[in-house]
Amino acid sequence: KNLFLCRCFLLSLAGALISRRPEMRYMTSVNFVAPRRTAAGEVVFHLTWIPKKRFKVLKQPRLFEACDASIRRAAGRHGMTILELSVMPDHVHCIVVCLPRVSAADAARLLKGASSYDMFRFEPKYRLRYPKGAFWARRYFVRTVSEVDLETVRRYVREDNDPRQQVLSQYN
């Protein structure tokens, strides 16, 4: 019995010593990531969502600037980092870095919910168009982005989704 207790004590002591090792830091192309309690790393999502019924409600510069600022505030409040954000008149593209415990559904819910609340406060006339209080549609598109194609997706969001860009069909 004493031998068993001695082994248990030694195993618990070894476990305590292993858990007290100095923290390691991992590096990715985005930034340095400190390990959390159970996981180290980050998840990069490319999120896209639309306003309810895809109305082009963000045409005016003051409206899409308010939407941009609202999404950035919401991301900062919830510990997310926005790498690229493009607000178009009828949809939003967002590349966001999250902790591993944040799922894609949680990231979309937090960003859409906070920005919807802020947009209704910023422009009260939206209540006439959306009387039930849902500014964004329920659906959203999500894709995880690896380090290999991160720059490609960032370039797509930055350059191909400029709301002030002229469309060829406008000249016909």
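Figured I'd write up the structure that's included with this text.

Rules used in this analysis
Residues numbered from 1 in each chain as written. Predicted model: local features only at pLDDT ≥ 70, side-chain atom pairs only at ≥ 80, totals over all residues. Heavy atoms only, no water. Helix = DSSP H or I, 4+ residues; strand = E, 2+ residues; numbered from the N terminus. Buried < 20%, exposed > 50% of the residue type's maximum accessible area, 1.4 Å probe, protein only. Contact = heavy atoms within 4.5 Å. Arc of directions from axis to C-beta. Polar contact = N/O pair within 3.5 Å; in protein donor to acceptor, adjacent residues only side chain to side chain. Axes fitted to C-alpha atoms, helices over the stretch in contact; angles between N-to-C directions. Parallel < 35°, antiparallel > 145°, perpendicular 65-115°, else oblique. Left-handed = near helix turned anticlockwise from the far one by under 90°. Nonpolar A, V, L, I, M, F, W, Y, C, P; charged D, E, K, R; others polar. Pairing = 2+ DSSP bridges. Core = buried A, V, L, I, M, F, W, Y, C linked by side-chain atoms within 4.5 Å. Salt bridge = Lys/Arg side-chain N within 4 Å of Asp/Glu carboxyl O.

## A word on the overall build of the chain
Reasoning step 1: Looking only at helices and strands, the chain has five helices and six strands in total.
Reasoning step 2: Secondary structure of the chain in N-to-C order comes out as α-β-β-β-α-β-β-α-α-β-α.
Reasoning step 3: Burial status across the chain gives 37% buried among its 172 residues.
Reasoning step 4: Across the chain, every contact between residues at least 6 apart in sequence was considered, and the portion connecting residues at least 24 apart equals 71%.

## A closer look at the environment of T81
Reasoning step 1: Within the element layout of this structure, T81 appears in strand β4 (residues 81-87).
Reasoning step 2: Those residues in contact with T81, other than ones at most four positions away along the chain, are I95, V96 and V97.

## As for helix α5 (residues 150-159)
Every α-helix winds through 3.6 residues per turn, so residues three or four apart in the chain are directed the same way.
Reasoning step 1: Buried within α5 we find L150, V153 and V157. Seen end-on, α5 carries its buried residues on one side only, within an arc spanning 70 degrees.
Reasoning step 2: Packing partners of the buried residues in α5 comprise β3 (43-51), β4 and β5 (92-98).

## Side note on the side chain of H91
Reasoning step 1: With respect to the element layout, H91 can be found in the loop between β4 and β5.
Reasoning step 2: We classify H91 as buried; its relative accessible area is 13%.
Reasoning step 3: At 3.4 Å, the side chain of H91 and the side chain of H93 are in polar contact.

## Looking at the packing of helix α2 (residues 61-77) against helix α3 (residues 104-122)
Reasoning step 1: Direction vectors running N to C along α2 and α3 enclose 135 degrees, while the axes themselves pass 8 Å from each other. Considered as vectors, α2 and α3 are oriented oblique to each other. Between α2 and α3 the crossing geometry is right-handed. Contacts between α2 and α3 pair R62, L63, A66, C67, S70, I71, R73, A74, A75 and R77 from the former with L110, L111, A114, S115, D118, M119 and F122 from the latter.
Reasoning step 2: Grouping the constituent residues of the contact of α2 with α3 by class yields 11 nonpolar, two polar and four charged.

## Concerning the sheet that holds β3
Reasoning step 1: Strand order in the open sheet formed by four strands is β4-β5-β3-β6, and the pairing between neighbours is antiparallel. Edge positions in the sheet fall to β4 and β6 (136-144), since each has one partner strand and no second. Across this sheet, the average inter-strand angle for adjacent strands is 20 degrees, counted without regard to direction.
Reasoning step 2: Of the pairings in the sheet, the one linking β3 to β5 comprises seven bridges and is antiparallel in character.

## Digging into the nonpolar core
Reasoning step 1: Core analysis: the biggest nonpolar cluster contains 34 residues, and L58, L111, Y126 and F135 have the highest contact counts within it.
Reasoning step 2: Mapped onto this core, the elements with two or more residues apiece are β3, α2, β4, β5 and α3.
Reasoning step 3: For this core, the leading source of residues is α3, giving eight residues.
Reasoning step 4: Every residue in contact with Y126, bar those within four places of it in the chain, is listed here: V57, L58, L63, M119, F120 and F135.
Reasoning step 5: In terms of nonpolar packing, the next biggest core, distinct from the first, is built from eight residues, V44, L83, L150 and V153 among them.

## Quick look at the pattern of salt bridges
Reasoning step 1: Per the stated rule, a full pass over the model turns up seven salt bridges.
Reasoning step 2: Notably, a salt bridge pairs R62 with E123, separated by 2.8 Å at the nearest N-O pair. Of this pair, R62 sits in helix α2 while E123 sits in the loop between α3 and α4 (126-129); the two residues are 61 residues apart in sequence, bridging distant segments of the chain.
Reasoning step 3: With a relative accessible area of 40%, R62 lands in the partly exposed category.
Reasoning step 4: Linked by salt bridges that have partners in common, E84, E151, R154 and R158 make up one network.

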